[in-house]
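Each chain, written out:
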Amino acid sequence: MGAEQGLNRAQVARALATSLVACVFAGACAGASAPASRVTLPAGARVLARGSLAYAARAAGDAIVTIELEERFALVVRDPATGRERRRVDLGPAERDLVALAVAGDRAWVGGDDRAVRTIDLASGEVVATWPVGADVTALRWLAPGWLAIGDATGVVCLRRVADAALVQCAVLAAGPIAALDGGGGLTVVAGGARSTWTVPALAATAPAPPPSWRGKPVAIDGRRVVVGGEVVAALGERVRSIEVGPEGELIVAAWIARLDDPSVIALPQ
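Residues numbered from 1 in each chain as written. Predicted model: local features only at pLDDT ≥ 70, side-chain atom pairs only at ≥ 80, totals over all residues. Heavy atoms only, no water.

A. Broad picture of the overall build of the chain. Helix and strand counts for the chain come out as one helix and 24 strands. A buried classification covers 47% of the 270 residues belonging to the chain. Taking as baseline every contact in the chain between residues at least 6 positions apart, the subset at least 24 positions apart corresponds to 41%. Entry remark: accessible area of the chain is about 12,400 Å², with carbon and sulfur atoms responsible for 53%. (Helix = DSSP H or I, 4+ residues; strand = E, 2+ residues; numbered from the N terminus. Buried < 20%, exposed > 50% of the residue type's maximum accessible area, 1.4 Å probe, protein only. Contact = heavy atoms within 4.5 Å. Areas by Shrake-Rupley, 256 points an atom, 1.4 Å probe, with all protein chains shown as cover.)

B. Structural view of the sheet that holds strand 20 (residues 225–228). An order of 18-19-20-21 is seen for the four strands of this open sheet, with the pairing classed as antiparallel. Where the open sheet ends on each side, the last strands, each with one partner, are strand 18 (213–214) and strand 21 (231–235). Where strand 18 meets strand 19 (residues 217–222), two bridges bridge the pair, whose relative direction is antiparallel. Bridged to Trp214 within strand 19 is Lys217. (Pairing = 2+ DSSP bridges.)

C. View of the pairing of strand 19. Counting the residues in the hairpin turn of strand 18 and strand 19 gives two residues, including Arg215, whose phi is positive at 55°. Summarising the sheet, strand 19 and strand 20 pair through four bridges and their orientation is antiparallel. Bridge pairing in strand 20 links Ala220 to Val227.

D. The arrangement of the environment of Val172 in detail. As for its position among the elements, Val172 is in strand 13 (residues 166–172). By relative accessible area, which is 62% here, Val172 ends up exposed. The contacts of Val172, once residues within four sequence positions are left out, are Gly155 and Val156.

E. View of the confidence of the model for the chain. Looking at the chain, the pLDDT average stands at 89 and 87% of residues meet or exceed 70. Counted against residues more than four places away or in other chains, residues 1–13, with its pLDDT under 50, gives six contacts. The model gives residues 24–32 a pLDDT under 50, and that stretch makes ten contacts with residues more than four places away or in other chains. (pLDDT = per-residue confidence, 0-100.)

F. Focus on the sheet that holds strand 11 (residues 147–152). Read across the sheet, four strands follow the order 10-11-12-13 without closing on themselves; strand pairing throughout is antiparallel. Taken across any chain shown, the strands that pair with only one partner, and hence form the sheet edges, are strand 10 (137–143) and strand 13. Across this sheet, the average inter-strand angle for adjacent strands is 20°, counted without regard to direction. Pairing analysis gives six bridges linking strand 10 to strand 11, with the strands arranged antiparallel. From the neighbouring strand, Leu140 faces strand 11, where its bridge partner is Ile150. (Axes fitted to C-alpha atoms, helices over the stretch in contact; angles between N-to-C directions.)

G. How the structure looks around the pairing of strand 12 (residues 156–161). A large share of strand 12 lies buried, amounting to five of its six residues. Note: strand 11 against strand 12, five bridges, orientation antiparallel. Pairing of Trp147 across the sheet is with Arg161, part of strand 12. Adjacent in sequence and paired antiparallel, strand 11 and strand 12 are bridged by three residues, among which Gly155 carries a positive phi angle near 90°. The hairpin turn running from strand 12 into strand 13, its antiparallel successor, is four residues long, and Ala165 in that turn takes a positive phi close to 65°.

Below you can see the structure in the form of C-alpha cells.
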C-alpha cells in the first residue's frame, strides 16, 4: 500500500488488530472462523490477561501495570499472581496509539502519538499532570532516584525531575525514533537497532551497558517470540510489544493477539 493512499503498514496492522478486538466486545464474531492458535508457553507461565491488545507492561511493587486496547485504551492495574483487575483508567479512543509506559511507586506515566505524557495516580486513577511533548512519544523510563526519561519519534530524549516536574535536559540522541529506554547505571537508548548509553542527568555518552538479560542470558523480542540465550521460550499470538523483568525475577510480556482467547499479558517464572 503506497503512502499516497493515506495509510502505512503500521496503521493497517493496527486497524486490523483493533477490528479483531472490537468484534469481541461488540459480540460480532459469532460464527466467524478463528485462526488456529500459535501460542506456546512454558510450564509455569501465568496468563494475566487475554483478548486485549497489550502495548506495554511494567511491574510496580505488588502490581502489574499495563496499557491495553479493547474498544478504547486503558491503563490497567492487575494482581501479579492472578491477573485480577484492581483498577482500570480510561485513556481515550483507539485512534491515537499509546505505546509508552513507565511506573514507579504510586505513579504511572503514559505517552503516545497524542504528543503528551500523562502522570496518573495509581491509587485514585486520576491524571495529576500532563506534559506536552513536541513529537510522538515512543518510549518512557523512570530512573532512580527520580528522573523520567522521555523518548520521541525524532530521536530526542528529555529528562524531567519527577519531584517538581522540571524539564532538566533535552538532547538529540538518535537519528530516528527512540524504540526503547532502559535504566541501570545510566540511560540506555535503543534506536534503529543500535544501543547507546548516556549519563544522567547530563546525557553525556558513556560506555555501553550490556543488553537486557534474564536467567543470566540475553533476552530479546523476535516478532511474536521471546528469545532467551538464543532459545525461544515463548511464542504469542502476534507481535510482542514489551518485556520487563519483575521484582521477583519473573519475565513480564505484553503482546497483541491473533485469536480472541489468546493471552496478551503473561508472566514467565524465574
